[in-house]
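Secondary and tertiary structure notes
What follows is the residue order along each chain.
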Amino acid sequence: MTPRTRKIALTAHVTSSVGWIGAVAVFLALAVTGLSSQDPQTVRAAYLSMELTARLVIVPLALACLLTGLIQSLGTVWGLFRHYWVLVKLLIGVLATALLLVHMRPVGHMADAVRQATLADGELGGVRLQLAADAGAALLVLLVAVALSVFKPRGATRYGQRRMRAAAPR
């Protein structure tokens, strides 16, 4: 990649990553509000907002983060298979996105329940707690990915070691 293209790709990756983390933090705040509030209108608003946030913001940002991360790894010296931290970040991103897509079902279920005004006090408590716990876990996992990006722990893969030896001056 040219330096300009690399900077554009990096900007897109950082923006989508930060956006994904921020949207998950908002989702967590809404989940805690839906779980703890006694006001039916607040609970209804929280779960309807969670569905919109997840479908229109979190899912697209997760997919954008994966795509831009791949572009970054393939177009820079870090490579996709040269360093363990890059592979771990890829694994985190793929698993987090897959779990997010699975997680959309209970999000939709809660939104449908409040749309139909069938959510009574204490009803679907397990799903409500699951939404909050999953959002908290997702936020923690995404912060681990950030830490990997910042600290870049040493450790080249076997492929990376071979590439470095081949590129070393003789």
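None of these values were measured; they are calculated from a predicted model.

1. Section: the overall build of the protein chain
Within the protein chain, the secondary structure is distributed over five helices and zero strands. Listing every helix and strand of the protein chain by position from the N terminus yields α-α-α-α-α. Relative to a compact globule of 170 residues, whose C-alpha radius of gyration would be 15 Å, the protein chain shows 20 Å and is clearly more extended. Classification of the 170 residues of the protein chain by burial places 36% in the buried group. Of the contacts made within the protein chain by residues no fewer than 6 positions apart, 75% connect residues no fewer than 24 positions apart. As displayed, the protein chain offers around 10100 Å² of accessible surface, 68% of which is attributable to carbon and sulfur atoms. For the protein chain, the distance from the average position of its 17 positive side-chain charges to the average position of its 6 negative side-chain charges is 34 Å.

2. Re the layout of surface pockets
The space that makes up the largest pocket amounts to roughly 730 Å³. Taken together, 31 residues form the lining of the largest pocket, with His13, Gly69, Trp85, Lys89 and Ser149 sitting closest to its centre. Every element with two or more residues in the lining of the largest pocket is listed here: α1 (3-36), α2 (40-75), α3 (84-115) and α4 (125-151). The leading source of residues in the lining of the largest pocket is α1, at eight residues. Class assignment for the residues of the lining of the largest pocket results in 19 nonpolar, nine polar and three charged. By volume, the second largest pocket amounts to about 390 Å³. For the second largest pocket, the lining is made up of 20 residues, of which Ala96, Leu99, Leu100, Asp134 and Ala138 are closest to its centre. Those elements that provide at least two residues to the lining of the second largest pocket are α1, α2, α3 and α4. Ranked by the residues each element gives to the lining of the second largest pocket, the list is headed by α3, at eight residues. For the lining of the second largest pocket, a count of residues per class yields 17 nonpolar, two polar and one charged.

3. Things to note about the pattern of salt bridges
Tallied over the full model, the rule gives three salt bridges. With its nearest N and O atoms 2.2 Å apart, the salt bridge here joins Glu51 to Arg115. Pair noted here: Glu51 is in helix α2 and Arg115 is in helix α3, with a separation of 64 residues, a long-range link. Judged by its relative accessible area of 9%, Glu51 falls in the buried class.

4. Observations regarding unusual backbone geometry
Notably, Lys152 is not glycine yet its phi reads approximately 40°, a positive angle. Note on placement: Lys152 falls in the loop between α4 and α5 (158-167).

About the criteria used
- Residues numbered from 1 in each chain as written.
- Predicted model: local features only at pLDDT ≥ 70, side-chain atom pairs only at ≥ 80, totals over all residues.
- Heavy atoms only, no water.
- Helix = DSSP H or I, 4+ residues; strand = E, 2+ residues; numbered from the N terminus.
- Rg over C-alpha atoms; globule rule 2.2 N^0.38 Å.
- Buried < 20%, exposed > 50% of the residue type's maximum accessible area, 1.4 Å probe, protein only.
- Contact = heavy atoms within 4.5 Å.
- Areas by Shrake-Rupley, 256 points an atom, 1.4 Å probe, with all protein chains shown as cover.
- Lys, Arg positive; Asp, Glu negative; His and termini not counted.
- Charge placed at Lys NZ, Arg CZ, Asp CG, Glu CD.
- 1 Å grid on protein atoms, 1.4 Å probe; cavity = no way out; pocket = protein on both sides within 12 Å on 5 of 7 lines; lining within 4 Å.
- Points joined across faces, edges and corners; volume = space filled by probe spheres on them.
- Nonpolar A, V, L, I, M, F, W, Y, C, P; charged D, E, K, R; others polar.
- Salt bridge = Lys/Arg side-chain N within 4 Å of Asp/Glu carboxyl O.

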